[in-house]
2 protein chains.
Amino acid sequence: MIKEMDLQQLLNELSSESAAPGGGSVAGLAGALSAAMVSMVCKLTIGKKKYQDSEDDMKKCLENVTKMKEEFLLLADRDAEVFNDVMEAYRLPHGTEEEKAERSNAVEEATKRAALVPMDVLRRCETLAGLTRSVALKGNENSISDAGVAAVMAQAAAKAACLNILINLSTISDEDFKGKLKTEQENVFKTVRDITEEALQIVKQKI
Amino acid sequence: MIKEMDLQQLLNELSSESAAPGGGSVAGLAGALSAAMVSMVCKLTIGKKKYQDSEDDMKKCLENVTKMKEEFLLLADRDAEVFNDVMEAYRLPHGTEEEKAERSNAVEEATKRAALVPMDVLRRCETLAGLTRSVALKGNENSISDAGVAAVMAQAAAKAACLNILINLSTISDEDFKGKLKTEQENVFKTVRDITEEALQIVKQKI
C-alpha cells in the first residue's frame, strides 16, 4: 500500500515505466497533502486565546480533515488497482466473435469503474476546498501561507482528478454514463476552483 | 530526512502542530511528484517505435528530471531547516538594547535565507514546466493524462513556493533584497504559469 512506502520508494514507483500508480494516484496524494496542511493550521489555532472564537469551527474542521486524509490515501491505492483491472480486461482472449464481445464488455465495465475513482477524489475536493477556506478565514494567521498551500493543493488534486476522469471517459461507449459523469465533473470542478480561489484571495490579503 | 519517511509518517509530520515541515516542504514535494510523472511518461515513450522521433528528447528529459526529483526532495528538507533557524533566532535573548539589535539582525538574516529556499524551488519549476510541455508534446499519448498531471503539479509547486517567498518577504526590512526577490518571483511565476497552461492545452486537445 502507498501509505506504507517511504517517499523515495513511492516516487520510484510513480516514476517507473509501469503505468500504475500514475496520475490518478498523484491526484489522491495531492488531496492528502492539502488535508495535512489544513490539519496543521487547525492544530496551531485550537487552544490559542487569540482564536477563541474559531475554536469550535477549527475542531470540526480538524475532525473532517483527519478522516479525509486517510480517504485520499486509500483512493490513491484504489486508482492503481482499477487501472490494473482495465489492463487485465484488455488481455482477455479475443479470437472468436463471442470472445471479442465479452472482452469489449469487460473493458467497458472496468473503465467505468476506473472513471469513478477520480470522480470520488474530485467530490472529496469539494468538501476539502471549503475546509481550506475555513482555515484561511479563521485559522492562526502565523500559518496563513500554509492555509494557502492547502488551497493550492486541493485545486491541484481536483485538476489532476479531472484529467483522469476525462481520459477514462474518452474510451467509454455508454453515452448516458459519459454524459452524466462529464456534467458532474464540470460542475464539481467549477465549485472547487471558485472556493479555492476565494481561499487564496483571503490568504493574499493577509500575507 | 523526508525521503526516508513512509508516507503515513510524512503526512503525520506535516499535519502536526509543529510548524515545520509545512507549506514550503509541500512545495518541494509537489515538484518531486511532478518530476516523477514526467519521468514515467519518458520511460513509457523511450524505445517505442511509434515515438522514434521523440527518443533523443525524451532521453534528455528523463536525465534532467531524475536529477530534479532529488533536488526537490532536498529542498523540502531544507525548507524545514531554514524555518527552524528563523524560530531559533527569535528565541535569542532580547533584554538589553545590544541584545535586541543582535536578535533583530539574526532574525533578518535567517528570514532572508528562508525566503531563498522557496525561490530555489520556484526557479526549478521553470525548468520543470518546460519538461512537462515536452512530454505533453512528444510523449506516449497513452500517458497523456499523466503528462497533464505533471503540468498541474509543477504549477501547484510554483504557487506554493510563491506563497512561501511572500510570507518570508513580509517580515524582511531590507528593501533592496525584498524588491529584487519580489520581481524575480513575479517573473518566474508568470513563465511557469504560461508554460504549464500551454502544456495543459496540448493535453486537453489530445485527450
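What counts as what
Residues numbered from 1 in each chain as written. Chains lettered and ligands numbered in written order. Predicted model: local features only at pLDDT ≥ 70, side-chain atom pairs only at ≥ 80, totals over all residues. Heavy atoms only, no water. Least-squares fit on C-alpha atoms with pLDDT ≥ 70 in both. Contact = heavy atoms within 4.5 Å. Helix = DSSP H or I, 4+ residues; strand = E, 2+ residues; numbered from the N terminus. Buried < 20%, exposed > 50% of the residue type's maximum accessible area, 1.4 Å probe, protein only. Lys, Arg positive; Asp, Glu negative; His and termini not counted. Salt bridge = Lys/Arg side-chain N within 4 Å of Asp/Glu carboxyl O. Axes fitted to C-alpha atoms, helices over the stretch in contact; angles between N-to-C directions. Parallel < 35°, antiparallel > 145°, perpendicular 65-115°, else oblique. Left-handed = near helix turned anticlockwise from the far one by under 90°. Buried area = accessible area lost by both parts, 1.4 Å probe. Polar contact = N/O pair within 3.5 Å; in protein donor to acceptor, adjacent residues only side chain to side chain. Nonpolar A, V, L, I, M, F, W, Y, C, P; charged D, E, K, R; others polar. pLDDT = per-residue confidence, 0-100. Expected span 1.5 Å × (residues − 1). Arc of directions from axis to C-beta.

Asks: Any chance you could explain the relation of the copies chain B and chain A here in plain terms?
Replies: Both copies of the chain are tied together by a single rotation about an axis and a shift running along it. For the pair chain B and chain A, the superposition axis carries a translation of 0.0 Å, the fit reaches an RMSD of 0.0 Å, and the rotation angle comes to 180 degrees. The transformation just described matches what one would write down for a two-fold rotation axis. Within chain B, the C-alpha atom positioned nearest to the axis of rotation is that of D6(B), 1.7 Å from it. A share of 100% of the interface residues of chain B reappears at the interface of chain A, consistent with the copies meeting face to face through the same patch.

Asks: I'm lost on the side chain of K69(B) in this one. Help?
Replies: As for its position among the elements, K69(B) is in helix α3 (residues 55-90). Although buried, K69(B) forms no salt bridge, and the nearest oppositely charged side chain, E70(B), lies 5.5 Å from it. Setting aside residues up to four positions removed in sequence, K69(B) forms contacts with L11(A), N12(A), S15(A), A32(B), A35(B) and A36(B).

Asks: Would you mind going over the packing of helix α2 (residues 23-43) of chain A against helix α4 (residues 97-138) of chain A with me for this structure?
Replies: When two helices pack together, their arrangement is given by the angle between the helix axes and the distance between those axes. All names here are of chain A. At a minimum axis distance of 10 Å, the contact between α2 and α4 shows a crossing angle of 25 degrees. Accordingly, the angle class assigned to the pair α2 and α4 is roughly parallel. Crossing handedness for the pair α2 and α4: left-handed. When α2 is examined against α4, the residues A27, G28, G31, S34, A35, V38, V41 and C42 are found in contact with a partner set consisting of V121, L128, L131, T132 and V135.

Asks: Explain the pattern of salt bridges to me, please; I cannot follow it from the model alone.
Replies: Should their charged atoms come close, side chains of opposite charge can pair. In this structure the tally under the stated criterion is 34 salt bridges over all chains. The residue R124(A) makes a salt bridge to D120(A) at a minimum N-O spacing of 4.0 Å. Within this pair, R124(A) and its partner D120(A) are both found in helix α4, separated by four residues, close to a single helical turn. Classification of D120(A) by relative accessible area gives partly exposed; the value is 27%. K206(B) is paired through a salt bridge with E141(B); the nearest N and O atoms lie 3.5 Å apart. You can see K206(B) sitting in helix α6 (residues 175-206) and its partner E141(B) sitting in the loop between α4 (97-138) and α5 (144-169), a full 65 residues away along the chain.

Asks: How should I be thinking about the interface of chain B and chain A in this particular structure?
Replies: At the interface, 51 residues of chain B touch 51 residues of chain A. Summed over both sides, the interface between chain B and chain A buries roughly 4,200 Å², with carbon and sulfur atoms accounting for 73% of that surface. Inspection of the chain B/chain A interface yields zero salt bridges. Along the contact surface separating chain B from chain A lie 20 residue pairs in polar contact (both at pLDDT 80 or more). Mapped by element, the contributors of at least two residues to the side of chain B that touches chain A are α1 (7-15), α2 (23-43), α3, α5 and α6 of chain B. Here the element with the most residues in the side of chain B that touches chain A is α5(B); it accounts for 15 residues. Per-class residue counts for the side of chain B that touches chain A are 30 nonpolar, twelve polar and nine charged.

Asks: I tried to follow the confidence of the model for chain A on my own but got confused; where do I start?
Replies: Low pLDDT means the predicted coordinates in that region are not meant to be read closely. For chain A, the mean per-residue pLDDT works out to 96, and 100% of the residues sit at or above 70. Predicted as a complex, the structure gets a pTM of 0.97 and an ipTM equal to 0.97.

Asks: I tried to follow the environment of V86(A) on my own but got confused; where do I start?
Replies: Residues and elements named next belong to chain A. Counting through the fold element by element, V86 comes out in helix α3 (residues 55-90). On the accessibility criterion, V86 (7% relative accessible area) is buried. For V86 and K112, which are 26 residues apart along the polypeptide, the C-alpha to C-alpha distance reads 9.3 Å. Not counting chain neighbours up to four residues away, the residues in contact with V86 comprise A110, T111 and A114.

Asks: What exactly am I supposed to notice about helix α5 (residues 144-169) of chain A here?
Replies: Helical geometry: 3.6 residues make up each α-helical turn, so side chains three or four residues apart lie on a common side. Given a rise of 1.5 Å per residue, 26 residues ought to cover 38 Å, and the 38 Å separating the end C-alpha atoms of α5(A) matches this to within 8%. With 24 of 26 residues buried, α5(A) is to be regarded as a mostly interior element.

Asks: Please explain the environment of E71(B) as it appears in this structure.
Replies: Residue and element names in this part refer to chain B. Considering the arrangement of structural elements, one finds E71 in helix α3. Judged by its relative accessible area of 23%, E71 falls in the partly exposed class. In the structure, E71 is positioned 40 residues away from G31 in sequence and 9.3 Å away in space, judged by C-alpha atoms.

Asks: What's the story with helix α1 (residues 7-15) of chain A in this structure? I'm lost.
Replies: Of all the residues in α1(A), the buried ones are L7(A), Q8(A), L10(A), L11(A), L14(A) and S15(A). Down the axis of α1(A), the buried set is contained in an arc of 160 degrees. They therefore lie on one face. Buried-residue contacts for α1(A) involve α2 of chain A together with α1, α2 and α3 of chain B. Where α1(A) begins, the side chain of D6(A) points an oxygen toward the backbone nitrogen of Q8(A), at a separation of 3.1 Å.

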